[in-house]
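# Architecture at a glance
Chain by chain, the residues:
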Amino acid sequence: MNSGQYETLERLIAFDTVSVNSDVPAMEYLADLLENAGFHVAMQRLRIAGVAQANLVAWAGEPRPGGLIISGHLDTVPAAGQPGWTRDPFRMELDGDRIHGRGASDMKGFLAQCVEAARAIDRARLKRPLVFIFTADEEVGMLGAQRVAPELPKLLGAAPRPDLAWIGEPTSFAVLNAHKSICAFEIRVRGRGGHSGAPEIGVNAIAVMGKAIEAIGRLQAERRAARDEEFAALFPDSPHDVMNFGIISGGLATNIIAEECSLKVTYRSLPNRDPLELYREIERRLGGVDPHDYASENHRATIELGRPVFAPAMRAAAGSALERTLFAATGTRAARGAPFATDGAWFAEAGITTLICGPGDYAQAHQPNESMARAAFERGTGMMLNVIEQMCAVSG
Ligand SMILES: [Zn+2]
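Quick caveat, the model's predicted, so the values are computed rather than measured.

Reading across the sheet, the three strands line up as β4-β5-β17 and stay open at both edges, with antiparallel pairing between neighbours. Each edge of the open sheet carries a strand with a single partner, namely β4 (93–95) and β17 (371–373). Direction aside, neighbouring strands of the sheet carry axes that sit 25 degrees apart on average. Pairing analysis gives three bridges linking β4 to strand β5 (residues 98–100), with the strands arranged antiparallel. Residue pairing in the sheet places Asp95 in a bridge with Arg98 of β5. Of the strands in this sheet, β5 and β17 touch helix α3 (residues 104–120), which is tilted by about 55 degrees from β17. Running over the sheet, helix α9 (residues 374–393) touches β5 and β17 and is turned about 65 degrees from β17.

As C-alpha coordinates, then:
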(Lines give C-alpha, C1' and ligand atoms only; values in the text may rest on other atoms or scores of the structure.)
Protein backbone atom coordinates (compact mmCIF):
# COMPACT_ATOMS: atom_id res chain seq x y z
CA MET A 1 0.00 0.00 0.00
CA ASN A 2 1.33 3.39 -1.00
CA SER A 3 0.24 5.93 1.59
CA GLY A 4 1.15 8.98 -0.58
CA GLN A 5 -1.26 7.87 -3.27
CA TYR A 6 -4.07 7.37 -0.73
CA GLU A 7 -3.36 10.76 0.78
CA THR A 8 -3.65 12.44 -2.64
CA LEU A 9 -6.94 10.66 -3.30
CA GLU A 10 -8.27 11.61 0.12
CA ARG A 11 -7.49 15.26 -0.56
CA LEU A 12 -9.00 15.11 -4.07
CA ILE A 13 -12.25 13.54 -2.82
CA ALA A 14 -12.48 16.23 -0.11
CA PHE A 15 -12.59 19.00 -2.75
CA ASP A 16 -16.20 19.36 -3.89
CA THR A 17 -15.55 19.49 -7.63
CA VAL A 18 -19.10 18.76 -8.74
CA SER A 19 -19.06 20.25 -12.25
CA VAL A 20 -21.07 23.39 -11.41
CA ASN A 21 -18.56 24.34 -8.68
CA SER A 22 -15.17 25.89 -9.33
CA ASP A 23 -12.41 23.30 -9.70
CA VAL A 24 -9.71 25.96 -9.22
CA PRO A 25 -8.66 25.14 -5.61
CA ALA A 26 -8.36 21.42 -6.44
CA MET A 27 -6.53 22.14 -9.71
CA GLU A 28 -4.07 24.42 -7.86
CA TYR A 29 -3.47 21.60 -5.39
CA LEU A 30 -2.65 19.25 -8.30
CA ALA A 31 -0.49 21.91 -9.99
CA ASP A 32 1.61 22.25 -6.81
CA LEU A 33 2.08 18.50 -6.53
CA LEU A 34 3.20 18.19 -10.16
CA GLU A 35 5.45 21.23 -9.95
CA ASN A 36 7.09 19.76 -6.85
CA ALA A 37 7.60 16.55 -8.83
CA GLY A 38 9.64 18.59 -11.35
CA PHE A 39 7.04 19.04 -14.09
CA HIS A 40 6.50 22.18 -16.18
CA VAL A 41 3.00 23.33 -15.29
CA ALA A 42 0.52 25.57 -17.14
CA MET A 43 -3.01 26.41 -15.99
CA GLN A 44 -5.64 27.33 -18.56
CA ARG A 45 -8.24 29.54 -16.87
CA LEU A 46 -11.83 29.34 -18.09
CA ARG A 47 -15.23 30.71 -17.25
CA ILE A 48 -17.97 28.14 -17.69
CA ALA A 49 -21.56 29.24 -16.95
CA GLY A 50 -20.13 32.21 -15.03
CA VAL A 51 -17.93 30.04 -12.78
CA ALA A 52 -14.11 30.18 -12.69
CA GLN A 53 -12.68 26.84 -13.84
CA ALA A 54 -9.25 25.63 -14.87
CA ASN A 55 -7.56 22.96 -16.94
CA LEU A 56 -4.05 21.86 -16.01
CA VAL A 57 -1.29 20.86 -18.41
CA ALA A 58 1.97 19.51 -16.94
CA TRP A 59 4.90 17.95 -18.77
CA ALA A 60 8.37 16.55 -18.29
CA GLY A 61 10.97 14.88 -20.48
CA GLU A 62 12.98 15.81 -23.54
CA PRO A 63 11.05 18.11 -25.89
CA ARG A 64 11.17 15.78 -28.89
CA PRO A 65 8.35 14.54 -31.15
CA GLY A 66 6.45 11.52 -29.82
CA GLY A 67 5.64 10.87 -26.20
CA LEU A 68 2.32 10.47 -24.47
CA ILE A 69 -0.59 12.43 -23.02
CA ILE A 70 -2.26 10.96 -19.92
CA SER A 71 -5.52 12.66 -19.09
CA GLY A 72 -8.49 12.71 -16.78
CA HIS A 73 -11.25 15.05 -15.65
CA LEU A 74 -11.35 16.55 -12.17
CA ASP A 75 -15.07 17.35 -12.04
CA THR A 76 -17.62 14.86 -10.74
CA VAL A 77 -21.36 14.34 -11.04
CA PRO A 78 -23.42 15.63 -8.06
CA ALA A 79 -24.06 13.68 -4.89
CA ALA A 80 -26.52 15.98 -3.13
CA GLY A 81 -30.08 14.81 -3.68
CA GLN A 82 -29.01 11.46 -5.10
CA PRO A 83 -30.84 8.71 -3.20
CA GLY A 84 -28.85 5.84 -1.75
CA TRP A 85 -25.90 7.60 -0.11
CA THR A 86 -25.10 6.26 3.35
CA ARG A 87 -21.62 7.84 3.48
CA ASP A 88 -20.21 11.35 3.26
CA PRO A 89 -19.50 11.68 -0.49
CA PHE A 90 -16.60 14.07 0.15
CA ARG A 91 -14.76 11.95 2.71
CA MET A 92 -12.64 9.05 1.51
CA GLU A 93 -13.49 5.89 3.43
CA LEU A 94 -11.64 2.59 3.23
CA ASP A 95 -13.98 -0.32 3.82
CA GLY A 96 -12.68 -3.84 3.25
CA ASP A 97 -11.20 -4.00 -0.22
CA ARG A 98 -12.99 -0.85 -1.50
CA ILE A 99 -12.28 2.89 -1.44
CA HIS A 100 -15.42 4.99 -1.16
CA GLY A 101 -16.10 8.61 -2.08
CA ARG A 102 -17.56 10.65 -4.92
CA GLY A 103 -15.11 10.43 -7.80
CA ALA A 104 -13.24 7.37 -6.47
CA SER A 105 -13.83 5.53 -9.76
CA ASP A 106 -14.79 8.47 -11.99
CA MET A 107 -12.04 9.57 -11.86
CA LYS A 108 -10.06 10.96 -8.98
CA GLY A 109 -8.47 7.58 -8.30
CA PHE A 110 -6.79 7.77 -11.69
CA LEU A 111 -5.65 11.36 -11.06
CA ALA A 112 -4.06 10.28 -7.76
CA GLN A 113 -2.22 7.57 -9.70
CA CYS A 114 -0.98 10.22 -12.16
CA VAL A 115 0.46 12.26 -9.28
CA GLU A 116 2.08 9.16 -7.79
CA ALA A 117 3.58 8.20 -11.16
CA ALA A 118 4.88 11.76 -11.62
CA ARG A 119 6.65 11.53 -8.28
CA ALA A 120 8.04 8.05 -8.90
CA ILE A 121 9.31 8.53 -12.43
CA ASP A 122 12.97 9.11 -13.12
CA ARG A 123 12.56 12.21 -15.30
CA ALA A 124 16.08 11.87 -16.68
CA ARG A 125 14.88 8.72 -18.46
CA LEU A 126 12.09 10.46 -20.36
CA LYS A 127 13.39 10.71 -23.92
CA ARG A 128 10.07 12.08 -25.12
CA PRO A 129 7.47 14.28 -23.42
CA LEU A 130 5.12 12.87 -20.81
CA VAL A 131 2.13 15.22 -20.60
CA PHE A 132 -0.59 15.17 -17.96
CA ILE A 133 -3.83 17.00 -18.81
CA PHE A 134 -6.51 17.42 -16.16
CA THR A 135 -9.79 18.96 -17.31
CA ALA A 136 -12.92 20.72 -16.09
CA ASP A 137 -16.56 20.18 -17.08
CA GLU A 138 -16.29 16.70 -18.58
CA GLU A 139 -19.48 15.54 -16.90
CA VAL A 140 -21.54 18.43 -18.29
CA GLY A 141 -20.37 19.77 -21.63
CA MET A 142 -16.75 18.62 -22.05
CA LEU A 143 -15.92 22.31 -22.46
CA GLY A 144 -12.62 21.91 -20.61
CA ALA A 145 -11.32 19.44 -23.20
CA GLN A 146 -12.85 21.42 -26.04
CA ARG A 147 -10.84 24.46 -24.93
CA VAL A 148 -7.58 22.78 -23.99
CA ALA A 149 -7.11 20.43 -26.96
CA PRO A 150 -6.55 23.07 -29.67
CA GLU A 151 -4.40 25.20 -27.32
CA LEU A 152 -1.95 22.43 -26.44
CA PRO A 153 0.86 23.58 -28.75
CA LYS A 154 0.81 26.96 -26.95
CA LEU A 155 0.38 25.54 -23.42
CA LEU A 156 3.22 23.05 -23.91
CA GLY A 157 5.73 25.70 -24.97
CA ALA A 158 8.96 23.93 -25.93
CA ALA A 159 7.52 20.41 -25.97
CA PRO A 160 5.99 19.17 -29.22
CA ARG A 161 2.45 17.92 -28.65
CA PRO A 162 2.24 14.13 -28.45
CA ASP A 163 -0.15 12.51 -30.96
CA LEU A 164 -1.25 9.77 -28.56
CA ALA A 165 -3.46 10.17 -25.50
CA TRP A 166 -4.57 7.80 -22.78
CA ILE A 167 -7.65 8.80 -20.79
CA GLY A 168 -8.19 6.85 -17.58
CA GLU A 169 -11.99 6.82 -17.43
CA PRO A 170 -13.34 3.88 -15.41
CA THR A 171 -13.32 0.77 -17.61
CA SER A 172 -12.01 -1.90 -15.19
CA PHE A 173 -8.85 -1.84 -17.37
CA ALA A 174 -10.73 -2.67 -20.61
CA VAL A 175 -9.33 -0.75 -23.59
CA LEU A 176 -11.93 1.34 -25.42
CA ASN A 177 -11.10 2.93 -28.75
CA ALA A 178 -14.32 4.53 -29.96
CA HIS A 179 -17.48 6.24 -28.88
CA LYS A 180 -20.39 7.86 -30.62
CA SER A 181 -20.86 11.60 -30.98
CA ILE A 182 -23.35 13.15 -28.62
CA CYS A 183 -25.79 15.97 -29.26
CA ALA A 184 -28.21 17.67 -26.85
CA PHE A 185 -30.93 20.18 -27.56
CA GLU A 186 -34.27 21.43 -26.30
CA ILE A 187 -37.65 21.37 -28.01
CA ARG A 188 -40.11 24.07 -26.96
CA VAL A 189 -43.81 23.98 -27.74
CA ARG A 190 -45.77 27.18 -27.20
CA GLY A 191 -49.54 26.90 -27.17
CA ARG A 192 -52.24 29.21 -25.89
CA GLY A 193 -53.53 29.12 -22.33
CA GLY A 194 -56.99 29.48 -20.86
CA HIS A 195 -59.56 27.76 -18.63
CA SER A 196 -59.55 24.02 -19.08
CA GLY A 197 -63.37 24.05 -19.28
CA ALA A 198 -63.14 25.93 -22.59
CA PRO A 199 -60.45 24.11 -24.60
CA GLU A 200 -61.56 25.72 -27.87
CA ILE A 201 -60.07 29.06 -26.77
CA GLY A 202 -56.55 27.68 -26.52
CA VAL A 203 -54.15 25.04 -27.72
CA ASN A 204 -52.53 22.64 -25.30
CA ALA A 205 -48.73 22.58 -25.55
CA ILE A 206 -48.44 19.24 -23.75
CA ALA A 207 -50.77 17.58 -26.26
CA VAL A 208 -48.73 18.91 -29.17
CA MET A 209 -45.47 17.87 -27.47
CA GLY A 210 -46.93 14.37 -27.34
CA LYS A 211 -47.17 14.41 -31.13
CA ALA A 212 -43.59 15.67 -31.37
CA ILE A 213 -42.43 12.81 -29.12
CA GLU A 214 -44.31 10.32 -31.28
CA ALA A 215 -42.61 11.69 -34.41
CA ILE A 216 -39.16 11.49 -32.82
CA GLY A 217 -39.94 8.06 -31.38
CA ARG A 218 -40.74 6.74 -34.87
CA LEU A 219 -37.39 8.05 -36.08
CA GLN A 220 -35.74 6.39 -33.07
CA ALA A 221 -37.29 3.05 -34.05
CA GLU A 222 -36.14 3.50 -37.66
CA ARG A 223 -32.56 4.10 -36.52
CA ARG A 224 -32.69 1.10 -34.22
CA ALA A 225 -33.64 -1.03 -37.21
CA ALA A 226 -30.87 0.52 -39.33
CA ARG A 227 -27.95 -1.44 -37.85
CA ASP A 228 -24.57 -0.65 -39.36
CA GLU A 229 -22.66 -3.92 -39.42
CA GLU A 230 -19.38 -2.02 -39.65
CA PHE A 231 -19.93 -1.16 -35.98
CA ALA A 232 -21.34 -4.47 -34.76
CA ALA A 233 -18.04 -5.42 -33.10
CA LEU A 234 -17.46 -2.00 -31.47
CA PHE A 235 -21.02 -1.46 -30.26
CA PRO A 236 -22.56 -4.94 -30.07
CA ASP A 237 -25.67 -3.76 -28.21
CA SER A 238 -26.42 -0.78 -30.42
CA PRO A 239 -24.59 -0.57 -33.76
CA HIS A 240 -26.90 2.31 -34.65
CA ASP A 241 -27.81 5.84 -33.52
CA VAL A 242 -29.52 5.99 -30.12
CA MET A 243 -31.75 8.66 -28.58
CA ASN A 244 -33.08 9.65 -25.19
CA PHE A 245 -35.88 11.88 -23.92
CA GLY A 246 -34.16 13.31 -20.84
CA ILE A 247 -36.27 15.98 -19.15
CA ILE A 248 -39.79 17.19 -19.85
CA SER A 249 -41.68 20.00 -18.19
CA GLY A 250 -44.87 21.87 -18.96
CA GLY A 251 -48.19 23.12 -17.66
CA LEU A 252 -49.15 25.13 -14.58
CA ALA A 253 -52.27 23.55 -13.07
CA THR A 254 -54.77 20.80 -13.79
CA ASN A 255 -57.47 23.35 -14.68
CA ILE A 256 -55.38 25.50 -17.02
CA ILE A 257 -54.69 24.72 -20.69
CA ALA A 258 -50.94 24.09 -20.76
CA GLU A 259 -49.38 27.01 -22.56
CA GLU A 260 -45.80 25.80 -22.66
CA CYS A 261 -43.94 22.51 -22.73
CA SER A 262 -40.25 21.85 -23.10
CA LEU A 263 -38.32 18.66 -23.66
CA LYS A 264 -34.60 17.95 -23.53
CA VAL A 265 -33.39 15.35 -26.00
CA THR A 266 -30.00 13.77 -26.53
CA TYR A 267 -28.84 11.38 -29.17
CA ARG A 268 -25.60 9.59 -30.02
CA SER A 269 -24.58 8.95 -33.61
CA LEU A 270 -22.16 6.40 -35.03
CA PRO A 271 -18.60 7.64 -35.54
CA ASN A 272 -18.87 7.80 -39.34
CA ARG A 273 -21.88 10.14 -39.30
CA ASP A 274 -22.23 13.91 -39.31
CA PRO A 275 -23.07 14.58 -35.62
CA LEU A 276 -25.78 17.06 -36.66
CA GLU A 277 -27.47 14.92 -39.33
CA LEU A 278 -30.02 13.54 -36.89
CA TYR A 279 -30.75 17.00 -35.51
CA ARG A 280 -31.64 18.20 -38.99
CA GLU A 281 -33.78 15.11 -39.57
CA ILE A 282 -35.65 15.71 -36.31
CA GLU A 283 -36.19 19.33 -37.33
CA ARG A 284 -37.59 18.16 -40.67
CA ARG A 285 -39.94 15.62 -39.05
CA LEU A 286 -41.19 18.14 -36.50
CA GLY A 287 -42.02 20.44 -39.40
CA GLY A 288 -44.59 17.81 -40.40
CA VAL A 289 -46.27 17.50 -37.00
CA ASP A 290 -49.89 18.70 -36.81
CA PRO A 291 -49.67 21.75 -34.49
CA HIS A 292 -53.29 21.52 -33.28
CA ASP A 293 -54.25 19.77 -30.06
CA TYR A 294 -57.05 17.15 -29.93
CA ALA A 295 -59.62 19.47 -28.41
CA SER A 296 -59.99 22.04 -31.13
CA GLU A 297 -58.86 23.05 -34.61
CA ASN A 298 -58.97 26.75 -33.78
CA HIS A 299 -55.38 27.46 -32.82
CA ARG A 300 -51.93 26.17 -33.61
CA ALA A 301 -48.98 25.72 -31.33
CA THR A 302 -45.44 26.54 -32.43
CA ILE A 303 -42.66 23.97 -32.16
CA GLU A 304 -39.11 25.28 -31.90
CA LEU A 305 -35.79 23.51 -31.67
CA GLY A 306 -33.06 25.06 -29.54
CA ARG A 307 -29.44 25.27 -30.60
CA PRO A 308 -27.74 21.86 -30.63
CA VAL A 309 -24.71 21.36 -28.37
CA PHE A 310 -22.58 18.47 -29.50
CA ALA A 311 -19.26 16.70 -29.08
CA PRO A 312 -17.74 14.72 -31.92
CA ALA A 313 -17.31 10.96 -31.99
CA MET A 314 -14.02 9.28 -31.25
CA ARG A 315 -12.50 6.43 -33.20
CA ALA A 316 -8.84 5.52 -32.78
CA ALA A 317 -7.13 3.62 -35.58
CA ALA A 318 -6.05 0.15 -34.52
CA GLY A 319 -2.41 -0.76 -34.14
CA SER A 320 -0.96 2.34 -32.48
CA ALA A 321 2.04 2.03 -30.15
CA LEU A 322 -0.22 3.08 -27.28
CA GLU A 323 -2.73 0.36 -28.11
CA ARG A 324 -0.02 -2.30 -28.14
CA THR A 325 1.36 -1.01 -24.85
CA LEU A 326 -2.04 -0.87 -23.12
CA PHE A 327 -2.93 -4.35 -24.40
CA ALA A 328 0.31 -5.72 -22.99
CA ALA A 329 -0.04 -3.87 -19.69
CA THR A 330 -3.65 -4.98 -19.10
CA GLY A 331 -3.61 -8.38 -20.77
CA THR A 332 -6.30 -7.20 -23.20
CA ARG A 333 -6.50 -8.60 -26.72
CA ALA A 334 -9.05 -6.36 -28.44
CA ALA A 335 -10.41 -2.86 -28.04
CA ARG A 336 -14.12 -2.08 -28.13
CA GLY A 337 -16.45 0.90 -28.19
CA ALA A 338 -17.60 2.86 -25.14
CA PRO A 339 -21.30 3.49 -24.46
CA PHE A 340 -20.43 6.93 -23.05
CA ALA A 341 -18.70 10.01 -24.49
CA THR A 342 -15.40 11.34 -23.12
CA ASP A 343 -12.96 14.23 -23.43
CA GLY A 344 -11.41 12.04 -26.14
CA ALA A 345 -13.99 13.54 -28.51
CA TRP A 346 -12.08 16.82 -28.49
CA PHE A 347 -8.63 15.23 -28.40
CA ALA A 348 -9.58 13.23 -31.49
CA GLU A 349 -10.91 16.39 -33.15
CA ALA A 350 -7.44 17.94 -32.58
CA GLY A 351 -5.83 14.96 -34.33
CA ILE A 352 -4.75 13.02 -31.24
CA THR A 353 -5.25 9.24 -31.29
CA THR A 354 -6.99 8.54 -27.99
CA LEU A 355 -7.66 5.37 -26.03
CA ILE A 356 -9.77 4.97 -22.88
CA CYS A 357 -8.61 2.61 -20.14
CA GLY A 358 -8.83 3.05 -16.40
CA PRO A 359 -8.75 1.34 -13.03
CA GLY A 360 -12.22 2.43 -11.88
CA ASP A 361 -15.41 0.44 -12.41
CA TYR A 362 -17.83 1.79 -14.98
CA ALA A 363 -20.66 0.29 -12.89
CA GLN A 364 -19.58 2.50 -9.97
CA ALA A 365 -19.47 5.76 -11.94
CA HIS A 366 -22.24 8.22 -11.02
CA GLN A 367 -23.57 5.84 -8.32
CA PRO A 368 -24.35 6.55 -4.65
CA ASN A 369 -21.55 5.31 -2.33
CA GLU A 370 -19.26 5.34 -5.39
CA SER A 371 -16.22 3.15 -4.83
CA MET A 372 -13.15 1.63 -6.43
CA ALA A 373 -11.29 -1.60 -5.71
CA ARG A 374 -8.17 -1.00 -3.65
CA ALA A 375 -6.34 -3.63 -5.69
CA ALA A 376 -6.99 -1.73 -8.93
CA PHE A 377 -6.00 1.56 -7.30
CA GLU A 378 -2.70 0.11 -6.12
CA ARG A 379 -1.93 -1.97 -9.22
CA GLY A 380 -2.76 0.87 -11.62
CA THR A 381 0.19 3.04 -10.66
CA GLY A 382 2.77 0.39 -11.50
CA MET A 383 0.93 -0.23 -14.75
CA MET A 384 1.04 3.49 -15.55
CA LEU A 385 4.80 3.63 -14.88
CA ASN A 386 5.24 0.67 -17.19
CA VAL A 387 3.25 2.38 -19.98
CA ILE A 388 5.22 5.61 -19.50
CA GLU A 389 8.46 3.63 -19.70
CA GLN A 390 7.38 2.06 -23.02
CA MET A 391 6.04 5.25 -24.56
CA CYS A 392 8.43 7.91 -23.29
CA ALA A 393 11.61 6.32 -21.96
CA VAL A 394 12.54 3.45 -24.27
CA SER A 395 14.58 4.98 -27.10
CA GLY A 396 13.73 4.29 -30.71
ZN1 LIG B 1 -15.68 10.23 -16.12
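This is not the end of the story, as more comes after the structure.
Here Asp106 and Met107 are connected by a cis peptide whose omega angle stands at -10 degrees. Its location among the elements puts Met107 in helix α3. Unlike most non-glycine residues, Asp137 shows phi in positive territory, near 70 degrees. Relative to the assigned elements, Asp137 resides in the loop between β6 (130–135) and α4 (143–156). Its 25 C-beta neighbours within 10 Å are what place Asp137 among the buried residues. Residues other than glycine seldom take positive phi values, yet Ser172 does so here, at roughly 55 degrees. Using a count of 17 C-beta atoms within 10 Å as the deciding quantity, one classes Ser172 as partly exposed.

Turning next to helix α2 (residues 24–36). Because each turn of an α-helix spans 3.6 residues, side chains separated by three or four positions in sequence point in the same direction. Its 13 residues give α2 an end-to-end C-alpha distance of 18 Å, which sits within 8% of 18 Å, the value for a rise of 1.5 Å per residue. Where α2 is concerned, the buried positions are Ala26, Met27, Leu30, Ala31, Leu33 and Leu34. Around the axis of α2, the buried residues are gathered within 165 degrees of arc, so they sit on the same side. Counted as exposed and oriented over 90 degrees from the buried face of α2: Pro25, Asp32 and Asn36. If you follow the buried residues of α2, they end up packed against α1 (3–14), β1 (40–48), β2 (51–60), α3 and β6. Looking one or two residues beyond α2, the residue adopting positive phi is Gly38, at roughly 95 degrees.

What counts and how
Residues numbered from 1 in each chain as written. Predicted model: local features only at pLDDT ≥ 70, side-chain atom pairs only at ≥ 80, totals over all residues. Pairing = 2+ DSSP bridges. Helix = DSSP H or I, 4+ residues; strand = E, 2+ residues; numbered from the N terminus. Axes fitted to C-alpha atoms, helices over the stretch in contact; angles between N-to-C directions. Contact = placed C-beta atoms within 7 Å. Buried ≥ 20, exposed ≤ 12 C-beta atoms within 10 Å, placed from the backbone. Expected span 1.5 Å × (residues − 1). Arc of directions from axis to C-beta.

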